[in-house]
Amino acid sequence: MSAFHTKTIAGILDPVAQQVSVLVIQYEAGQQGKGINAAEMNIETVIASTSQLATVAEQAANDSNDPIFQRDFPSALTAVRSGSGGLQSALATLTADPFSSTGRRNLITGAKGMLNGLCDLLLMYDECEVRKIIKSCDSVKNYFPVCMEVASMEDLSFYIKNLTPGLTQVTKQVKNRADDLLHKPYADILRRETDQLKKLTPMLVGASKSVINAGGNEELTNAAQQNLQTTIDKMTASMKEIIRVLLLKDPDYGKKIIADFHPLALAKDAVLADCRRITGWLTAGALPDSEGLKCATDLVNAGNELAKGVTGTAGQEIGTIVKDIGDIVKDLNTLGDGGSEADKAALKKALLEKVAALESTVDKTDVLASTPSGAVSRRVEDAKRWAATGEPLNDVTKSNLDDLLTTSRAVAKATGGKEGAMIEASCDRLEELIKDAAKLELEIGNVKGKADNRARILAWLDQLDNQVKMGDEANVMASEVVRAGVNQLTEWAKDSPAVSDANAVHAYNKILDAGKGAAEGLSKAEREQVSELVDDVRIAMDRYQKTSSGGGASPAEVKQCQANILTAVHRLGTVLEKADMTGDNAAENVSTGVERVLDLLEGPGVKPGSNDKVEKSIRSTLDKITAIGRAVADHNPGPEGEEINRLCDNAKQYLAQRTWIIKNPDKVSPEMVAQNTQNLKDTLRELESKINEVEQDRDEGTELVSAVNTAQQWASTGKGGDAEGTAAVGKVISQSRYLAKGLPTKDKREIYDLCQELEDLIDEFNRAPEGRKRALRSQIADKMNEVKQAARKAQATHPGTETAGGLPECAEVIESWLTGPSLERNRAGERAVEDVVDMANELAKNIGGEVGADIKVQSDKVKGLLENLQRVLDDPKSSPEQKKAAREALKDAIDDLRKACNDHLAAKVVDTFVDITGPIMELRAAALSPLTGAAKSENFNSKAADFSIHAEQLCRVAEVATDVGCDQDPHRHDNIKLSIEALRDATPLVVYSGKTLSLNPTSESANENFDLVKQQWTTEAIRLRSDVDKCVKPSDFLVESERKVKEEGDAAKYLMGTNPKEAMVKVAMVQKITNRVLEVTDAELDNTGPCEYKVKLVDHRNNLDKAIKQCSVATNNHIQGKAADPKAFDKSITEVHMNISKIKDEMVGFYLPLPPLPEDLPPPIEEEDDAPPARPPKPAESDDEEEEEFDVNAPAPDPVEAPIEHAAFKLRQETAKYHEEDNGMITAARKIAQKFQQMAKYTKGRREILELGSTEDQRMFAPRGSICSVTSSSEKSEFSSMTDMISTCKEIIALTKQIQKHADLISKNCPDKRLVLSLANSMEPMGMLSQQLNIIASVKAAACGKYDESSEVEADEMLTINAQNLMKSVRDTVRASESCSVKIDSASNKLKFKRK
C-alpha cells in the first residue's frame, strides 16, 4: 500500500495537494513567459495550514515517548518549514516581479519540499501511532499465558480484573484503526480478529474454571489445562495477526550465505562450547562426573571432525591436543568409581590444561581459511595482483595459477551438479585466457591486446571466486545451524556456566539468520511455515528478555520462558531438517548413504549379525536414506513420488528380513542370506538412481541454465561444431528474452540489451574468417556470462509471476491468451493453465474414487497439451496452422476440465455440507454418556476423531470451492479463507473442552465452556456453509440434490421391507438433503426481488416443506404399523423428490443463458424519407474524445514494459463489447482508458527527455508539439505539460464519479441482492483510488525541475499502481453493472447494455 493508506492522511493531504496543483499550474504558465499573479495563488493560506500542522506535530513529538519518532521527526519538520520558507520567499519575489525566474524556482522548490515533507511527517506520525497500538497489543498478548498460573477463583477474579482494561483498550484502538484504514480487506481482518478475541475471552474464563474445579484428578487436570492452553494459543494467534496487519508489511530477507553457517564454523563453535562446559565441570563442579565425562567424549568427537577439516599446522596441532584429551578421558573412564581420588584429581588437572590449550588454539584458528574456498580465495588474490599490475608471467605466477585451477576443479568435482559444471566451465575459460596471456608475452608492442586479456582474466577470477564459495557452502544445511544452536541453548537453560547469556544470544541470532536465509529457497507453503516459526522464536526470546529484565518475575517464570524458546527452536529445526532433505543436497546425501551401506554389505567376511557396530550403522544410514527419499516423494507427487515411496518400503522390508535372519540363524540357508543382501543392494541402487533422476529434472527445470552451460562449453572449447554452438547461443537468447517478459522494465531492458549485443556478436561470428572466430568465441562467452548473471539476479529479485486467482480468473487469462492473435508463448497464460491443473488435481484428491480419477485424467490431458503447445511454439519449423491447432486443442480440453470441475464440485458440496452439526452433537453425547472407565474414553476418542475429520473435510472442500467455484467476488473469497482458519482454530477447542466435560460431566463450568465453544464452532461452520453455497450455482446444487434424494429415497423404499433400521438411515439422509434444499431456496428467495419467478419458487418451496413433514409422519406410521395405506411411505418419498425436481426445473430454467441470435437475420428495413439527419461534425474546440476505431483483437501492450497502457487496453476491450448509445457508464469508462493512455505516453516521454539531459526549463520554453515539449520522437502525447496532466487527473476523477452515480442507480433498481453486493464491492475502491490519484498527480507535478531518478521512479510507480487498480475497479464495475441490468425491469432500466 502507498503512504496514503488511512482516511486521516488522505484527508489532510488532499486539500494541500489541490493547492500545490494550483502552484504548479502557475509555475508552468510562468515558464511559458506569462506573469504570475501572486495574489491569486493563495500562498499564504497554504503556508498557514502547513505551519499549523507542523506545530501540532512538533507538540506531539515533544509529548511522545517514541524514540524512533523523536529521531526521525526533525528532518521531516525541517523539510516542511524549509518548503514554507521557500513559498514565502516566492510570494515576496513574485509580488514585486511577476516574471522573476528566481520567484518561480522558489515557488516550485518550496511546493515540492513542503508536500514531500508533509507526506513524510504524516507517515511518521501514523507509524508512531501504530507502534503505540502494537505496544498495547504486546502487553495484553504477554499477559495471556499468566492465566495458566491461576489456581483459585480469587486468582481468576484478580486476573480478569487486570486483563479487562487492557483488552478493552486494545479492541477500541484496533477498531478505530480499522475504521481509519482505506484498504477494506485489512480493515475487515482487524475487525474480525477483535471479534474473535471478544468471543474467546469468556472461553478463557470457562477453561480456567474447569482447571480450578478439576481438583486432584490428574487426568481431568491435564485435559482442562490442555483446553486452557489451546484457548490461550488461539487468543495469542489472533493478537499476532492484528499486529501483522497493523504493520502492513513483511520483512524481506534476502537469501544470504553467512560464514557462521559453514560446517567448519559450526564445528568450531561446538568445540568451544564443549571446552567451556568442561571447564565449568572441572573448576566449579557445574556438572556431575558422568555428565562431564560424556561432554569430554563429545569434545573429542567434535575436535577430531574439526581437525580433519582444518589443513596445515593448525589442523595437526588441534589433532594432537584432541588425541591427548582422548587418552585422558579413556584413563578416567578406566578408573571409574574404584580409582583413588588422587589419581582422578591428577587426571582432571591434566585434562583442564589440555582443554584450555585446545580452546586457545581453536579460538585463534581461522577455520574457513583451510576450506577449498579459502585456498582458492588466497590464490585468486595473488592472481588478481599479477593481472592488475601487468607483471610478466613468470614461473612462480604460472605455478600459482596451476594450483588455482587444480584446487578449483577439485571443488567442482566435490560439488557436482550444475554448480560444479559452472566452476569447471570457468576453469576452462581461465585456462584458455592464461594460454593467450603466455602468447601475448612473446609479442612486442601489443599493449591493447595484453590489457584486454588481463581485464578478462580479472573478470573470470572474480566469477570463479564467487562460484567456488557457493560450491563450498552448497552443503551447508540450515537445520545444522539450528541443531548446533539448540545444543547451546539447552545448556544455557540448564544454567551451565559453559554457556553465558551472550553465547545464548549469539546462538539465537544465528538460528534466526538460518531460518530467514533458508525460507527464501523453499516453496511458498514452506516459506510461510518457516517464517511463522522464526517469528515464534523471536517472540519467545523477547518474552524471556522482558521477563528476566523486569526484576519482578519468579525463577519459575524465567524457566518457563527458556523452555518456550527451546520448544520454538525445536519446531523450527524439525521443519528445516525436512526441508533440507528435499533441497539441493538430497541426491548427494542419498548417494553418500548408499555408498556407505554398500561398502558395509560388501566388506570382507561380513555376514548378517557378525558385527553389531556394522549392523547398527547399516540401520541408521538406511533410516536416513529412506527419510530423505520420502521427503523427496512428498515434494514430487505423482508416479515419481509413488515409485520412490515403493522403493523405500522395499528397502525397509529387506532390512526387516535381515533382522529376522540375524535373530534366527538356524532357520535360514546361505542362499537366503545372499538373496536378501542382493535384494537390498539392488533396491538401494534403484532408489539412488530414481532420486538422482528426479533431482536432475528439478535442477534442469531452468532451461536458461541448461542452454547457457551447453553454449559456454562450445564458446570455451569450440567443441561440438559452430552450427550447434551458434544454435545453443540462439536458445540462450530466446530463453533470456522469454524470462525477461515477466520482469520490471529496468531488468527487462538490461537483459534485452545484452541479448541484442549477443546477437550482434553471433552475426559477426558467422561472417568472420576462421582466424578471427576464436577471439569472437571468447567475446561470446563473456557476453553470455553477463546475460546469465543478469537473468539470475533478476530471477532472484522477482522469482516468477503471481497466480491469476481462482478458476474463473485463470480461465479469463487463458481465454485472452488462446483466443488472441499472437502465436507466441505467454508466461501469464501458461502459469494460469498450470494453476487450473493444480486446482483440478486438488478437487480430484478431495473427491476421490472414480470421479476423482476422471478429473485427474482430464487435468493430465490439459498438462500434456500445454507441453505440446510449448514445444510447437518453440519450434521454428512449426507452421501457423499447427500452432493454431495445438492452441485450439488446449482450449477445448480446458473448457471440458472446467465443466467437469464445476459439476463435481456441486456434488461434493451437497455431500459434505449436508449435516454440519451432526458430529459435534454426537461428540457432546459421548461426553455426557453414562458409560464409565475405558469404554467411555474409547467411545469419546472415536467421536472426537470423527468430528475432527468432519471439520477438516469441511475446510478442504471450502478451499477447493474458493478456487474452483463460479463466484468471483474477492471479498467473499477472503471471508471463506478467514472462516476456514476460524473453524480450524475452533476444532481443537471443541475436542479439549469436550474431553474436560467427559471427565467431569456434572461440572457446571465444564458444561458452560463446552456450550460456548460449540456455539462458536457452529456459528463459523454455518457461515462457511453459507459462503460456500454462493460458490456453487443454485441450479447446479439443485441438480445434484435431486439426484441424491432420488438415490437415497429409492434405497429407503427398497430397504423398508427388509431392513427398516437401514431404511431409517436413508430417510434421515433424505430429510437432511431436503433441509439443505430449503435453505438454498430461501437464500434464493431473499436474493430475488418481486417477479413471477419468485412467486412460483415460493409455491414450490411451501409444497416441499409440507411434503417433507408428511414424509416424517408416513415413516413413523409405517414403522409403528399404523399406516392405513401400505404405499403411503413410498408415495411420501416420491412427493419429496417431485417437489425438489420442480424447484430444480424452475431454477435451471431461470438461469439458462439467452439463446443466440439467428445467423440469417433479415436486413433492416430502410426508410429513406424518415431517415435521421447525419450527425454534425464535432466542434474544433471540443475536449470530448471521439470513439476512435479500436481493434479488440490487437495484441495487448506488454504488462511489464507498459503497465498503464496494458490496463487501459483491457478496459477498452471491455467497453468495446457494448454500444455507447444510452449508456453513459460505457462512455465514461472508455474516456478514462483514453486519458490514462495519454498520461502514460506523457510520463514515459518526459522521463526519456529528462534522462537525455533536457532540463525542465528547456522543455517549457520549447514550441508546443516539439520533441522537447511533448514526449519522444516515436510516441507523441496530446498534452505536453504538468498542467495538462493535473487537469486530466481531475477529469478522470469526474468520470469516476459519473460511473459511481450510474452504478448507484443500477443498485437501487436491481432486485438481486447478491449481484448488488458484488457491484458494491467492485465499486468500493473507486472513491479511495480517485482521491489517491489527485494526491499522486500533485506529488509528481511538484517534481518539476532537475531530473531526479529516484523521485521520478517512485512517483511513476505510485501512479502506475493507482492507474492499474482504478481501471480494474472500473472494469469490474462495468461487468457487475451489466449483470445487474439483466435483472432490472426494462421500464426502470435507463442504462442499456447492448452488446455489439
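Residues numbered from 1 in each chain as written. Predicted model: local features only at pLDDT ≥ 70, side-chain atom pairs only at ≥ 80, totals over all residues. Heavy atoms only, no water.

**Let's talk about the overall build of the protein chain**
In terms of helices and strands, the protein chain carries 45 helices and zero strands. Counting the 1396 residues in the protein chain, one finds 47% classified as buried. Sequence separation of at least 24 residues holds for 76% of the intrachain contacts in the protein chain that already meet a minimum separation of 6. For the protein chain, the accessible area works out to roughly 67300 Å², and carbon and sulfur atoms hold 52% of it. (Helix = DSSP H or I, 4+ residues; strand = E, 2+ residues; numbered from the N terminus. Buried < 20%, exposed > 50% of the residue type's maximum accessible area, 1.4 Å probe, protein only. Contact = heavy atoms within 4.5 Å. Areas by Shrake-Rupley, 256 points an atom, 1.4 Å probe, with all protein chains shown as cover.)

**Description of a negative patch on the surface**
Negative charge collects at one region of the surface, where E834, D838, E842 and D963 lie side by side. Counting residues per element, the negative patch draws most heavily on helix α29 (residues 827–847), which supplies three residues. For E834, the location among the structural elements is in helix α29. On the accessibility criterion, E834 (39% relative accessible area) is partly exposed. (Patch = residues over 30% accessible without salt bridge, like charges linked within 9 Å, V, L, I, M, F, W, Y side chains within 5 Å. Salt bridge = Lys/Arg side-chain N within 4 Å of Asp/Glu carboxyl O. Lys, Arg positive; Asp, Glu negative; His and termini not counted. Charge placed at Lys NZ, Arg CZ, Asp CG, Glu CD.)

**Regarding the packing of aromatic side chains**
Considering all chains together, one arrives at three aromatic pairs under this definition. For the ring pair F947 and W1017, a centre distance of 5.0 Å and an interplane angle of 55° mean the geometry is tilted. Note that F947 is positioned in helix α33 (residues 933–964) and W1017 in helix α35 (residues 1004–1030), a separation of 70 residues in sequence. The exposure classification of F947 matches that of W1017, with both residues buried. Ring geometry for Y1218 and F1393: centres 5.5 Å apart, planes at 80°, overall edge-to-face. Separated by 175 residues along the polypeptide, Y1218 in the loop between α40 (1203–1215) and α41 (1224–1251) and F1393 in the segment after α45 (1349–1383) bring together distant segments of the chain. F1393 shares its class with Y1218; the two are buried. Above the plane of the ring of F765 lies K773, whose end atom (NZ or CZ) is 5.0 Å from the centre. (Phe/Tyr/Trp six-rings, centres within 6.5 Å; stacked < 30°, edge-to-face > 60°. Lys NZ or Arg CZ within 6 Å of the ring centre and 35° of its normal.)

**Some thoughts on the packing of helix α32 (residues 918–927) against α35**
Closest axis-to-axis distance for the α32/α35 pair is 11 Å, and the angle between their directions is 170°. Relative to α35, the element α32 is oriented roughly antiparallel. Listed contacts from α35 to I920, M921 and R924 of α32 are N1007, F1010, D1011, K1014, W1017 and T1018. When the residues that make up the contact of α32 with α35 are grouped by side-chain class, the tally is four nonpolar, two polar and three charged. (Axes fitted to C-alpha atoms, helices over the stretch in contact; angles between N-to-C directions. Parallel < 35°, antiparallel > 145°, perpendicular 65-115°, else oblique. Nonpolar A, V, L, I, M, F, W, Y, C, P; charged D, E, K, R; others polar.)

**Quick word on the pattern of salt bridges**
Two side chains of opposite charge can pair, provided their charged atoms sit close to one another. Tallying each qualifying case throughout the model produces 42 salt bridges. One salt bridge in this structure joins D126 and R177, with 2.6 Å as the shortest N-O distance. Here D126, found in helix α4 (residues 101–143), pairs with R177, found in helix α5 (residues 153–180); they are 51 residues apart in sequence, far enough to count as distant. Owing to a relative accessible area of 9%, D126 belongs among the buried residues under this scheme. Among the residues examined, R177 registers a relative accessible area of 8% and is labelled buried.

**Some details on the nonpolar core**
Core analysis: the biggest nonpolar cluster contains 127 residues, and C137, F144, M239, L890, W1017 and V1136 have the highest contact counts within it. Setting aside residues up to four positions removed in sequence, V1136 forms contacts with V1045, V1070, T1074, L1104, A1107, I1108 and C1111. The next biggest cluster of nonpolar side chains, apart from the first, holds 84 residues, and it includes L23, L122, M1326 and I1335. (Core = buried A, V, L, I, M, F, W, Y, C linked by side-chain atoms within 4.5 Å.)

**Side note on the side chain of E1378**
Mapping E1378 onto the fold places it in helix α45. By relative accessible area, which is 15% here, E1378 ends up buried. Within the structure, the side chain of E1378 is placed 2.9 Å from the side chain of Y1218, a separation counted as a polar contact. Setting aside anything within four residues of it in sequence, one finds E1378 in contact with Y1218, F1393 and R1395. (Polar contact = N/O pair within 3.5 Å; in protein donor to acceptor, adjacent residues only side chain to side chain.)

**A short note on the side chain of N227**
Take N227: it is sitting in helix α7 (residues 218–247). Beyond its immediate sequence surroundings of up to four residues, N227 is in contact with A207, L989, Y992, S993, T996 and N1009.

**Looking at the confidence of the model for the protein chain**
Put simply, the protein chain has an average pLDDT of 75, and 75% of its residues get 70 or more. Counted against residues more than four places away or in other chains, residues 249–261, with its pLDDT under 50, gives 24 contacts. In this model, residues 1164–1172 is a region of pLDDT below 50 whose contacts with residues beyond four sequence positions or in other chains number zero contacts. (pLDDT = per-residue confidence, 0-100.)

**Description of α40**
In this model, α40 (13 residues) spans 19 Å end to end at C-alpha, consistent with the 18 Å of a helix rising 1.5 Å per residue. The buried fraction of α40 is high, at 12 of 13 residues. Within α40, burial applies to P1203, I1204, E1205, H1206, A1207, A1208, F1209, K1210, L1211, R1212, E1214 and T1215. (Expected span 1.5 Å × (residues − 1).)

**Overview of the environment of G918**
Considering the arrangement of structural elements, one finds G918 in helix α32. It is 9.6 Å that separates the C-alpha atoms of G918 and H950, two residues lying 32 residues apart in sequence.

**Overview of the environment of A775**
Turning to its location among the elements, A775 is positioned in helix α27 (residues 770–797). What makes A775 partly exposed here is its relative accessible area of 38%. Expressed as a C-alpha distance, the spacing of A775 and F765, which sit 10 residues apart in the sequence, is 9.4 Å.

**Things to note about the environment of K349**
Its place among the elements puts K349 in helix α11 (residues 341–363). Judged by relative accessible area, K349 falls into the exposed class, the value being 57%. Put simply, K349 and L282 are 67 residues apart on the chain and 8.0 Å apart in space, counted from C-alpha to C-alpha.

**Observations regarding the packing of helix α2 (residues 43–63) against helix α3 (residues 67–96)**
Here α2 crosses α3 at 165°, and the two axes come no closer than 10 Å. Taken together, the axes of α2 and α3 are roughly antiparallel relative to one another. Considering only the axes of α2 and α3, their crossing is left-handed. Between α2 and α3, the residues in contact are I43, E44, V46, I47, T50, S51, A54, A57, E58, A60 and A61 and F69, Q70, F73, L77, V80, R81, S84, L87, Q88 and L91, respectively. Broken down by class, the residue content of the contact of α2 with α3 amounts to 13 nonpolar, five polar and three charged. (Left-handed = near helix turned anticlockwise from the far one by under 90°.)

**Overview of the state of the cysteines**
Summed over all chains, the structure comprises zero disulfides. Distance from the sulfur of C1310, which forms no disulfide, to the nearest cysteine sulfur (C1380) is 3.9 Å. Judged by relative accessible area, which is 8%, C1310 ranks as buried. (Disulfide = S-S within 2.5 Å.)

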